[in-house]
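# Coordinates in review
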Amino acid sequence: LKGIAVIMLVFYHCFLRPGRYAAYSVSFFPLGEELTISIIKCFKICVSIFAFVSGYGLMISFRKLLRKYGWTKEYILKWVVQRLIKLLSGFWIIVILYYTFGQIVDERVTNTFYKSGGILYGTLKLVLDFFALSNFFRTPEFCGTWWYMGLAILFVISVPIFTRLFEKYGYTLVIIGIIAIPRILNIKFVGNSYISFILIVVLGMIFSREELLTKIANFKILKKQLYLNKLLKFIIGTG
């Protein structure tokens, strides 16, 4: 799923609008340019796939922790820290490379963080960007597409919280709360906000906790027709 989402991500960013590939010779055979772009616009769902898979995978890891140590604050905090380090370690390599080459080529680090506000405030903006928190605090971003990393940090922190809520209130009330509270408070849903994706993460956690994907994979509409059964499930799932 992550691999499919990455491919969608690349196509979406490269071919969303004609201006993005105008300088290159591109063949849209056999679908044609207009139909291809219409399909690629749907590839924005890649972010939701990442969010679902994140919730699913994090829940597997967190359940292992609970089975071993239970609700011990020390081990839960340790789990959160370890997951965040694992999440950000690869990101930091890219960030350092981008900072280095960006500064060499056009002094982008200086222009992004230190152009106004002084050295202290500029360093604060750089640190927030380094930890993928610029979008959250509305400070300048070195690269606008790093916003998802900030959400991913919040997803990790959210897993113990929502797991506790599941146990106390059940899935239904938690889902109703996620849907209702932003609307009651008139919070806007925008494409890069935590509130826009947390329901998808929570659904991923529920699917993981109840092993629903495994149950769906093993479920047979037609018990003696293996390939026809797979085809029917594919049609229903994509319909």
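Provided above is the structure to which this section pertains.
First things first, this report covers the structure right here in the doc. (Residues numbered from 1 in each chain as written. Predicted model: local features only at pLDDT ≥ 70, side-chain atom pairs only at ≥ 80, totals over all residues. Heavy atoms only, no water.)

### Observations regarding the overall build of the chain
The number of helices and strands found in the chain is twelve helices and zero strands. Its helices and strands in sequence order give the chain the pattern α-α-α-α-α-α-α-α-α-α-α-α, from N to C terminus. Overall size of the chain, expressed as C-alpha extent along the three principal axes, is 65 × 55 × 35 Å. In the chain, 60% of the contacts between residues at least 6 apart in sequence involve partners at least 24 apart. For the chain, the exposed area adds up to about 15600 Å²; of that, 68% sits on carbon and sulfur atoms. Side chains of the chain carry 28 positive and 10 negative charges; the gap between the two charge centres is 11 Å. (Helix = DSSP H or I, 4+ residues; strand = E, 2+ residues; numbered from the N terminus. Contact = heavy atoms within 4.5 Å. Areas by Shrake-Rupley, 256 points an atom, 1.4 Å probe, with all protein chains shown as cover. Lys, Arg positive; Asp, Glu negative; His and termini not counted. Charge placed at Lys NZ, Arg CZ, Asp CG, Glu CD.)

### Side note on the packing of helix H3 (residues 46–69) against helix H4 (residues 73–106)
At a closest axis distance of 11 Å, the pairing of H3 and H4 adopts a crossing angle of 150°. As the angle between them shows, H3 and H4 are arranged roughly antiparallel. Between H3 and H4 lies a crossing whose hand is right-handed. Touching Leu58, Ser61, Phe62, Leu65 and Tyr69 of H3 are Tyr75, Ile76, Trp79 and Arg83, all from H4. Tallied by class, the residues present in the contact of H3 with H4 amount to seven nonpolar, one polar and one charged. (Axes fitted to C-alpha atoms, helices over the stretch in contact; angles between N-to-C directions. Parallel < 35°, antiparallel > 145°, perpendicular 65-115°, else oblique. Left-handed = near helix turned anticlockwise from the far one by under 90°. Nonpolar A, V, L, I, M, F, W, Y, C, P; charged D, E, K, R; others polar.)

### Some remarks on empty space enclosed by the protein
Scanning the entire structure with this criterion turns up one cavity of 30 Å³ or more. Considering only enclosed or pocket space, the largest cavity measures out at about 40 Å³ in volume. Taken together, Asp129, Ala132, Leu133, Ser134, Asn135, Glu141, Cys143, Trp146 and Trp147 form the lining of the largest cavity. (1 Å grid on protein atoms, 1.4 Å probe; cavity = no way out; pocket = protein on both sides within 12 Å on 5 of 7 lines; lining within 4 Å. Points joined across faces, edges and corners; volume = space filled by probe spheres on them.)

### Some words on the packing of aromatic side chains
Per the stated rule, a full pass over the model turns up 26 aromatic pairs. Here the aromatic rings of phenylalanine 142 and tryptophan 146 are separated by 6.0 Å at their centres, their planes lie at 25°, and the arrangement is stacked. For the residue pair phenylalanine 142 and tryptophan 146, the accessibility class agrees, reading buried in each case. Chaining the aromatic ring pairs together yields one cluster made of Phe50, Trp147, Tyr148, Phe155, Tyr194 and Phe197. Sitting over the face of the ring of phenylalanine 142, arginine 108 holds its NZ or CZ atom 5.9 Å from the ring centroid. Positioned above the aromatic ring of tryptophan 71, the side-chain terminus of arginine 164 is 4.3 Å from the ring centre. (Phe/Tyr/Trp six-rings, centres within 6.5 Å; stacked < 30°, edge-to-face > 60°. Buried < 20%, exposed > 50% of the residue type's maximum accessible area, 1.4 Å probe, protein only. Lys NZ or Arg CZ within 6 Å of the ring centre and 35° of its normal.)

### Re the state of the cysteines
If you walk through the whole model with that rule in mind, you get zero disulfides. For cysteine 14, which is in no disulfide, the shortest distance to another cysteine sulfur is to cysteine 46 and amounts to 12 Å. The thiol of cysteine 42 is not disulfide-bonded; the next cysteine sulfur, from cysteine 46, is found 12 Å away. Residue cysteine 42 is classed as exposed on the basis of its relative accessible area of 55%. (Disulfide = S-S within 2.5 Å.)

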